[in-house]
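These are the residues of each chain, in order.
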Amino acid sequence: MRDRILALNSAWCHAMRDRQLPARYGSGLDGGLLCPACSRIHGRSADAAYPFLRMASDTGDASWIDAATAVVEWSECLSCPDGAWVNDQWNLWKGTTVFTVTALAEALRHYRHLLSDSVASQWRERIRQACSWLMSGIRVGVSNINYPLTCPAALQAASMVCNEPRFAAHAAELMEQAATFIDDQGLVVGEGRPLYETTKRGCRPVDVGYNFEESIPGMLHYAELAGNHQIADVARRAARAHLALMLPDGGLDNSFGTRNYKWTWWGSRTADGALPALLALGATEGIFATAAERQLGLLERCTHQGLLHGGVHHHASGERPCLHHSFCHAKAFTAALDQDLWPEPDAAPLPMEQGDQHLHLHAPDTHLISRGPWRATVTGNDVVYNGCGDGHASGGALSLLYHREHGPVLCASMATFRLIEGHNMQRDRHDEDRCLTPRLCANAHPQFRSDLDRHAQIAVAHGPETTEVRVTGHLVNASGEHPPGGPQPFAWHIALGAAVSITATCSDATLHCPIITAPNARVEEAGPQQLAVNGVTVQCSVPIDGGQERCFNQVPGFAATPVSMPCADSVSLNIRG
């Protein structure tokens, strides 16, 4: 894996440096990395200084040192009097100071010898100022849990390069508090509100992308720097639990996550990546090395023209790559190269490949079901993130249907695509928002839908040939209100075995089941009620409205064939792989 990681990291770094603004325009522009998708310089661009210095070390080319120092100098346009950096010129959130401190401290830990004394001294002083803010600005309860779980590594690394024991002491206290946000099943909870209590369904905020690519790696990074074996054990337990969400192609099932508006299939749009953590864990447990190899392969497939794209179908759909993905993951790849642990993937299957099983995740009230060649996710998650009632799927939605050989067949998106974090998301270039979540919509008022019902009932039963899921609920809008004509009940019956059958029951509604389809894939139609794509055949009980048309959604970066069917009373479809 080492050679593949070196090659991919080099490709990302070269492409980023190609987009670095020269010393021509003045402060606030010179040295910044111009994003081709967003036409702006992202505030965390200075994170690239760490991988740039690694490139200088690997190649002996001093121009990489110039690139690293220039992007750090650029970042001072975001500097605050209290020592923090703001997230962006147009966003005053200071929490991302954690990640810039980590990048600069790790750069000094590994590559101080490449920098002049004056530059190294400037960086150390800037880190001290930033850590003074971190010690008061990052606390459990004032932000999502990813910040308290990653800040200790930043403080610990800063303590080492700045010779400041107080940073390490505070890091230990903060990690002790933050590590309590691992539930009984090993899930990291706290990506949203309520932070301490539960919802009416007993849910707590869980986001797989943030957990897998940021919080757990942050815990392991801190544990390694501080020599804290207890935290290492907690992080290992959490990593094992989250492996249940990894799919055979290296993707992460975040179809129910509270912050899945940033879901990219491989992770989350602004997180650093899990590779260093997976490789470190893989040194003693081969399953993590297998997971690292799967993730690496997916990141390779999502890299085009030197930059990491935000989804499997982004490039083929004509989407530009956001630079955020590349400088975040280059930072993680550099950390992996510096830790120099290269366990060999073994034949161990991922948890979802280990035969028929059913795992109910309590915190997000989500069922993970593996039966035959299929893996299905059914979610009733009722956590509402930041007041966005039409964010992630709920209502007992089949938020993911995955075939072990053919890949994703059905996949949830945001119910309504919107830029919840406009500075950290890629805009939708299309006039019409095309939701990918399988759902029922009222014909008279399509905003009343099954995937928004946070009170739906879910029951799972296992038989000798199939696993059956039954869901009952009501079509509601994002505020949980019923249609003007009164309550409109619905029901799902899903049977998973050698094939998958889905029956939806509702009056005066339309069933939408977009089939994940690569933009260049051939869709074969065998009459008005059947189509075949990607090795999967879909047979419907009524004529299909869709066919050769394609739609694309930024979350999680898939294109699909928009299959719709009228539902006067009930309608069904059968899916075979």
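So, here is what we can say about the structure in this document.

Conventions adopted
Residues numbered from 1 in each chain as written. Predicted model: local features only at pLDDT ≥ 70, side-chain atom pairs only at ≥ 80, totals over all residues. Heavy atoms only, no water. Pairing = 2+ DSSP bridges. Helix = DSSP H or I, 4+ residues; strand = E, 2+ residues; numbered from the N terminus. Axes fitted to C-alpha atoms, helices over the stretch in contact; angles between N-to-C directions. Parallel < 35°, antiparallel > 145°, perpendicular 65-115°, else oblique. Left-handed = near helix turned anticlockwise from the far one by under 90°. Contact = heavy atoms within 4.5 Å. Nonpolar A, V, L, I, M, F, W, Y, C, P; charged D, E, K, R; others polar. Buried < 20%, exposed > 50% of the residue type's maximum accessible area, 1.4 Å probe, protein only. Polar contact = N/O pair within 3.5 Å; in protein donor to acceptor, adjacent residues only side chain to side chain. Core = buried A, V, L, I, M, F, W, Y, C linked by side-chain atoms within 4.5 Å.

Some details on the sheet that holds strand β20 (residues 564–567)
Across a sheet, strands are paired by hydrogen bonds formed along the backbone, either parallel or antiparallel in direction.
For step 1, the next point in the chain: Across the sheet, 3 strands lie side by side as β8-β13-β20; this open sheet has antiparallel pairing. Among the strands making up the open sheet, the edge pair consists of β8 (439–442) and β20. On average, each strand axis in the sheet is inclined to that of its neighbour by 30°, with strand direction left out of account.
For step 2, the next point in the chain: Relative to β20, strand β13 (residues 509–512) is paired through 4 bridges, and the arrangement is antiparallel. Following the sheet pairing, Leu 511 is matched in β20 by Met 565.

Here's the deal with the packing of helix α1 (residues 2–18) against helix α12 (residues 323–339)
For step 1, the next point in the chain: With their axes 9 Å apart at the nearest point, α1 and α12 run at an angle of 140° to one another. With respect to their mutual orientation, α1 and α12 come out oblique. As α1 packs across α12, the resulting crossing turns out to be left-handed. Residue-level inspection shows Arg 2, Ile 5, Leu 6, Leu 8, Asn 9, Trp 12, Cys 13 and Met 16 of α1 in contact with α12, the latter providing Leu 323, Ser 326, Phe 327, His 329, Ala 330, Phe 333, Thr 334 and Leu 337.
For step 2, the next point in the chain: Its residues assigned to classes, the contact of α1 with α12 shows 11 nonpolar, 4 polar and 1 charged.

Points about the packing of helix α8 (residues 208–226) against helix α9 (residues 229–242)
For step 1, the next point in the chain: Look at α8 against α9: their axes get within 8 Å of each other, and the N-to-C directions meet at 160°. Here α8 is positioned roughly antiparallel relative to α9, judged by the angle of their axes. Between α8 and α9 the crossing geometry is left-handed. Counted together, Asn 211, Phe 212, Ile 216, Met 219, Leu 220, Tyr 222 and Ala 223 of α8 and Ile 231, Ala 232, Val 234, Ala 235, Ala 238, Ala 239 and His 242 of α9 form the full contact between these two elements.

Overview of the side chain of Thr 264
For step 1, the next point in the chain: Examined against the element boundaries, Thr 264 turns out to sit in the loop between α9 and α10 (275–282).
For step 2, the next point in the chain: Overall, the relative accessible area of 0% leaves Thr 264 in the buried class.
For step 3, the next point in the chain: A distance of 3.1 Å separates the side chain of Thr 264 from the backbone nitrogen of Gly 267, its partner in a polar contact.
For step 4, the next point in the chain: Once residues within four sequence positions are removed from consideration, Thr 264 is found in contact with Arg 269, Gly 310, Gly 311 and Pro 556.

Considering α10
An α-helix turns once every 3.6 residues. As a result, residues three or four positions apart point the same way.
For step 1, the next point in the chain: Summarising burial for α10: 7 of the 8 residues are buried, a large majority.
For step 2, the next point in the chain: Along α10, the residues that are buried comprise Leu 275, Pro 276, Ala 277, Leu 278, Leu 279, Leu 281 and Gly 282.
For step 3, the next point in the chain: Contacts made by the buried residues of α10 are with α1, α8, α9, α11 (286–301) and α12.

What to know about the nonpolar core
For step 1, the next point in the chain: Membership of the largest hydrophobic core comes to 139 residues, with the highest contact counts inside it found for Met 16, Val 101, Trp 123, Ile 127, Leu 134 and Trp 265.
For step 2, the next point in the chain: For this core, the element with the highest residue contribution is helix α6 (residues 146–162), accounting for 10 residues.
For step 3, the next point in the chain: Other than its neighbours up to four places away in sequence, Trp 123 contacts Ala 49, Leu 53, Ala 68, Thr 69, Val 72, Leu 104, Ala 107, Leu 108 and Leu 115.
For step 4, the next point in the chain: The next biggest cluster of nonpolar side chains, apart from the first, holds 44 residues, and it includes Ile 369, Leu 496, Ala 521 and Val 533.

Considerations on the pairing of strand β19 (residues 558–561)
For step 1, the next point in the chain: What you see with β19 is no split at all: Phe 558 and Ala 560 on one side and Ala 559 and Thr 561 on the other are buried throughout.
For step 2, the next point in the chain: As judged from the 2 bridges shared by strand β14 (residues 515–516) and β19, these two strands associate in the antiparallel manner. Residue Ile 516 lies in a different strand from β19, and its bridge partner there is Ala 560.
For step 3, the next point in the chain: Across 3 bridges, the pairing between strand β18 (residues 551–553) and β19 is antiparallel. Considered in β19, the bridge of Asn 553 is made with Phe 558.
For step 4, the next point in the chain: Here β18 hands over to β19 after 4 residues, with Gly 557 in that stretch at a positive phi of 90°.

Geometry only, nothing functional implied.
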